[in-house]
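# Structure assessment
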Amino acid sequence: MDKSFRRALGAGVVTPVVAALAAVAVELAVMGDLPDPVATHWGVDGPDGFSAPWTVPVMTALTAGVLPLVLGASAARAIRKGERGFTLRLLPAVAAGLSVFLGGLLAGTLVIQRGLDAAEGAPDVLPVLLVALPAGAIVGTVAWFGQPRETAARIDAAVAAAPLPLAPGERAVWLGRAEMTPWALAFIVLATLAAWTGSALMWLAGDTAAAAIITGVAVLLSVLAATFTVAHVRIDATGLTVTSGARLVRMRVPAEDIVSVAAIEVHGLAQYGGYGIRQIPGATAVVLRPGLAIEVTRRSGRRFVVTVDDADTAASLLAAAGEAAHAAQD
Amino acid sequence: MLLRIDPGSAQPLYDQIAGDVRRQASAGTLRAGDRLPPAREVAEALDVNLHTVLKAYQLLRDEGLVEMRRGRGAVVSAHAAALAALRDDALALAARAHELGVGADAVAALVRAAAEEADEA
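No experiment lies behind these values; they were computed from the predicted model shown.

## Details of the nonpolar core
Leu240(A), Ile294(A) and Phe304(A) are the most contacted members of the largest nonpolar core, which totals 30 residues. The set of elements that each furnish at least two residues to this core consists of β3 (171-179), β4 (230-236), β5 (239-244), β6 (250-254), β7 (258-266), β10 (291-298), β11 (303-307) and α8 (311-329) of chain A. Counting residues per element, this core draws most heavily on α8(A), which supplies seven residues. One finds Val21(B), Val42(B), Val53(B) and Val76(B) within the second-largest nonpolar core, a separate group that totals 26 residues.

Quick look at the structure:
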C-alpha cells in the first residue's frame, strides 16, 4: 500500500467514520436529558426550528458520516488505481474537515440543550459554531498537508496508432458516442428532475420570484445535462468531429491538421480536473468518463482528447485519414 | 461503429454497408440494443446517397437483424446473438474451404443451396 493511498484512506475514510461515530455516541449519551422536540435551527433571535431528538443522530450519520465518506472513498479508489492530482488530494481533506465540522456542530447543538425543559429556551448556538468550524478547518488543513504532494498523474506514454489499411478508393467512417457513466448520468438526471419538481412546487405555492429563479436553474441544468453528458463522435476522411448531445457545441479537427493519433486511457479528475469539456494548457478534452479515449496531436502541438469506446479502431481510422490528407497535399 | 465501403467493388454499396453491420454483429462488437448511427449521418460521412444507406437498413430489417423504432432509429435486435453463435462455424467452414481451394463465392453458393434444402425438408 503506497503512502498516497494510505494517507487518503486515513483522511477520507477513517476520519469521517471516527468523527461520525464519536458525534453519534455523544448525541446518544445525552439523549436522556433532552427536551422533546429539540431545537435544530437557530435564527437571529434564538431557536426557530424544532425536530424530534432522534432525527439529529440520523442527520449526523448522513452528513458527517456517509456524505464525507463517499467523497473520501471515491478519491481513495482513484488514488489506488494510480491517479494523482490536486483534486484527489483535496477531496479526502475536505471529507475529513467536513465530518469533524458537521459532527461537532450537530453533537454540540444537543449538548447545549441538556437539562432543558423546553427547546425554546435553548442557548445561543454561536459558541458551538465557533468551536466546530475551526476544529473542522484544522483537521482539513492537517489532512491536506498530511497527504504527499504528487501533482503529476501517472500517464502512460501514448503510442501512435497504426493507420487502418484502406484499399485505394475505399471510404470508411467511424461513428461513436462518448457517454457519461450510468451513475454520473443518473445523478445528473435526478438533480435536473429535482430542480423541475422544485420549480413546479414553487409555481403552485405562488411565490412567483422564487418560482422564476428555480425554473431558470432547471432550464440551465437541462441544457447543461444535454450538452455535457453525451457527445457524438464522427471520424471520416475529413477528420474528427465531436458534437455535443444538444448540438450546441461542435468541435472539429480537420484531417490535414493531424500529426498523430493514439488510443489512450484518461482519468478526468487527475488529468483534467473533472469531467465534461475541459481546457487545460496544451490540450482540449471531452472527457465524459474515465477510461479509453483517442488523443489527437495537432500541427500546433495542442492535443485534443475525446473519450470513446473501441478507441483502437477509432484511432487507427483517424490516423489513416490524417495520412491520406497529408499524401493528398504533397 | 466502423463502416467501410469500396465504390470500386462490384458489390452494391448498400450490400457492403449491410455486410459491415452483419460482420460486426457476428463478431460480437454490435449487440442487441445497440443503436445504428442515423442514416443521414452515415450518408454524409461516406459521401453516398441517403437512399443507399436507408436501403441497407431496410435490408437488415427484413433479415430481422435490425428493428426500426420510432424516435430511436435503427436498433440491433436479439437476432445479433444468433449471428454471433454462427461465427465459429463460419470460420471453421471458411478455413476448410480454403484448405480445399474452394473460393468464398462457391462456399456462399453451397451454403445457400444447403439452406434451401433444409427449408424444403
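## A few points about the interface of chain A and chain B
The parts lose accessible area when they come together, and the size of an interface is often stated as this lost area. The interface of chain A with chain B comprises 18 residues on the first partner and 16 residues on the second. When the two sides are added together, the surface that chain A and chain B hide from each other amounts to roughly 1500 Å², 52% of it contributed by carbon and sulfur. Of all residues in chain A, Arg171(A), Val173(A) and Leu175(A) give up the largest surface area on contact with chain B, accounting jointly for 46% of the area buried on that side. Scanning the region where chain A abuts chain B turns up two salt bridges. At the surface where chain A touches chain B, the tally comes to eight residue pairs in polar contact (both at pLDDT 80 or more). Every element with two or more residues in the side of chain A that touches chain B is listed here: β3, β4 and α8 of chain A. For the side of chain A that touches chain B, the element with the highest residue contribution is β3(A), accounting for seven residues. For the side of chain A that touches chain B, the residue count by class is ten nonpolar, three polar and five charged. As defined by bridge partners, β3(A) adjoins strand β1 (residues 2-5) of chain B across four bridges and the pair is classed as antiparallel.

## Brief notes about the side chain of Glu27(A)
All names here are of chain A. Counting through the fold element by element, Glu 27 comes out in helix α1 (residues 3-30). Arg 114 provides the closest opposite charge to the buried, salt-bridge-free Glu 27, at an N-O distance of 13 Å. From its side chain, Glu 27 meets the backbone nitrogen of Ala 107 in a polar contact 3.2 Å long. Contact partners of Glu 27, with chain neighbours within four places excluded, come to Val 56, Pro 57, Thr 60, Leu 106, Ala 107 and Leu 110.

## Things to note about the sheet that holds β6(A)
Reading across from one edge, β6(A)-β5(A)-β4(A)-β3(A)-β1(B) is the order of the five strands in this open sheet, with antiparallel pairing throughout. Because the sheet does not close on itself, it has two edges, and the strands there are β6 of chain A together with β1 of chain B. For this sheet, the mean angle separating the axes of adjacent strands, direction not counted, is 10°. Examined bridge by bridge, β4(A) and β5(A) share six bridges and lie antiparallel to one another. Along β5(A), the bridge assignment pairs Ile235(A) with Leu240(A).

## Focus on a nonpolar patch on the surface
There is a patch of nonpolar side chains on the surface, built from Trp54(A), Val58(A), Leu62(A), Val66(A) and Val70(A) and spanning about 490 Å² of accessible area. Here Leu62(A) is to be found in helix α2 (residues 55-80).

## Observations concerning the domain arrangement of chain A
Residue and element names in this part refer to chain A. Split into domains, chain A comes out as domain 1 (3-146), domain 2 (155-177 + 231-330) and domain 3 (181-228). For domain 1 versus domain 2, the distance between C-alpha centres works out to 45 Å. Contact residues are listed per partner, giving four residues for domain 1 and four residues for domain 2. In this assembly, domain 1 packs against domain 2 so that about 420 Å² is buried in total across both faces, 62% of it on carbon and sulfur atoms.

## Considerations on unusual backbone geometry
Across the junction of Asp36(A) and Pro37(A), the peptide omega takes the value 0°, indicating a cis bond. Summarising the element assignment, Pro37(A) is placed in the loop between α1 and β1 (38-43). You will see that Asp310(A), though not glycine, has its phi angle at about 55°, which is positive. Along the polypeptide, Asp310(A) turns up in the loop between β11 and α8. Its identity is not glycine, yet Asp47(B) carries a phi of approximately 60°, on the positive side. Its place among the elements puts Asp47(B) in the loop between α2 (39-46) and α3 (50-63).

## Quick word on the packing of α2(A) against helix α3 (residues 86-111) of chain A
Residues and elements named next belong to chain A. Interaxial distance between α2 and α3 falls to 8 Å at its minimum, and their mutual angle equals 170°. Classified by the angle between their axes, α2 and α3 sit roughly antiparallel to one another. Between α2, through Val 56, Met 59, Thr 60, Thr 63, Ala 64, Leu 67, Pro 68, Leu 71, Gly 72, Ala 75, Ala 78 and Ile 79, and α3, the contact on the second element is made entirely by Leu 88, Leu 91, Pro 92, Val 94, Ala 95, Leu 98, Ser 99, Leu 102, Gly 103, Leu 106 and Leu 110. In terms of residue class, the contact of α2 with α3 is made up of 18 nonpolar, five polar and no charged.

## A word on the domain arrangement of chain B
Split into domains, chain B comes out as domain 1 (13-80) and domain 2 (85-120). Taking only C-alpha atoms, the centre of domain 1 of chain B and the centre of domain 2 of chain B are 24 Å apart.

## Brief notes about the packing of aromatic side chains
Across all of its chains, the model carries zero aromatic pairs over all chains by this definition. The lysine or arginine in question, Arg89(A), covers the ring of Trp144(A), its NZ or CZ lying 3.9 Å from the ring centre. Above the ring of Tyr14(B), the side-chain terminus of Lys55(B) is found at 4.3 Å from the ring centroid.

## Some points on helix α5 (residues 182-205) of chain A
With 24 residues, α5(A) should cover 34 Å at 1.5 Å per step; its first-to-last C-alpha distance of 34 Å lies within 8% of that length. Three or more residues of α5(A) are buried, namely Thr192(A), Ala195(A) and Ser199(A).

## Topic: the sheet that holds strand β8 (residues 276-280) of chain A
Residues and elements named next belong to chain A. The strand order across the open sheet built from five strands is β7-β10-β11-β9-β8, with neighbouring strands paired in mixed fashion. Of all the strands in the sheet, just β7 and β8 have a single pairing partner and so form its edges. Ignoring which end each strand starts from, the neighbouring axes of this sheet average 15° apart. Of the strands in this sheet, β7 and β10 are in contact with α8, which crosses β7 at around 170°.

## Regarding a negative patch on the surface
On the surface, Glu116(B), Glu117(B), Asp119(B) and Glu120(B) cluster together into a negatively charged patch. Along the polypeptide, Glu120(B) turns up in helix α5 (residues 104-120).

About the criteria used
- Residues numbered from 1 in each chain as written.
- Chains lettered and ligands numbered in written order.
- Predicted model: local features only at pLDDT ≥ 70, side-chain atom pairs only at ≥ 80, totals over all residues.
- Heavy atoms only, no water.
- Core = buried A, V, L, I, M, F, W, Y, C linked by side-chain atoms within 4.5 Å.
- Buried < 20%, exposed > 50% of the residue type's maximum accessible area, 1.4 Å probe, protein only.
- Helix = DSSP H or I, 4+ residues; strand = E, 2+ residues; numbered from the N terminus.
- Contact = heavy atoms within 4.5 Å.
- Buried area = accessible area lost by both parts, 1.4 Å probe.
- Salt bridge = Lys/Arg side-chain N within 4 Å of Asp/Glu carboxyl O.
- Polar contact = N/O pair within 3.5 Å; in protein donor to acceptor, adjacent residues only side chain to side chain.
- Nonpolar A, V, L, I, M, F, W, Y, C, P; charged D, E, K, R; others polar.
- Pairing = 2+ DSSP bridges.
- Lys, Arg positive; Asp, Glu negative; His and termini not counted.
- Axes fitted to C-alpha atoms, helices over the stretch in contact; angles between N-to-C directions.
- Patch = residues over 30% accessible without salt bridge, like charges linked within 9 Å, V, L, I, M, F, W, Y side chains within 5 Å.
- Areas by Shrake-Rupley, 256 points an atom, 1.4 Å probe, with all protein chains shown as cover.
- Domains from an automatic or database assignment.
- Parallel < 35°, antiparallel > 145°, perpendicular 65-115°, else oblique.
- Phe/Tyr/Trp six-rings, centres within 6.5 Å; stacked < 30°, edge-to-face > 60°.
- Lys NZ or Arg CZ within 6 Å of the ring centre and 35° of its normal.
- Expected span 1.5 Å × (residues − 1).
- Charge placed at Lys NZ, Arg CZ, Asp CG, Glu CD.

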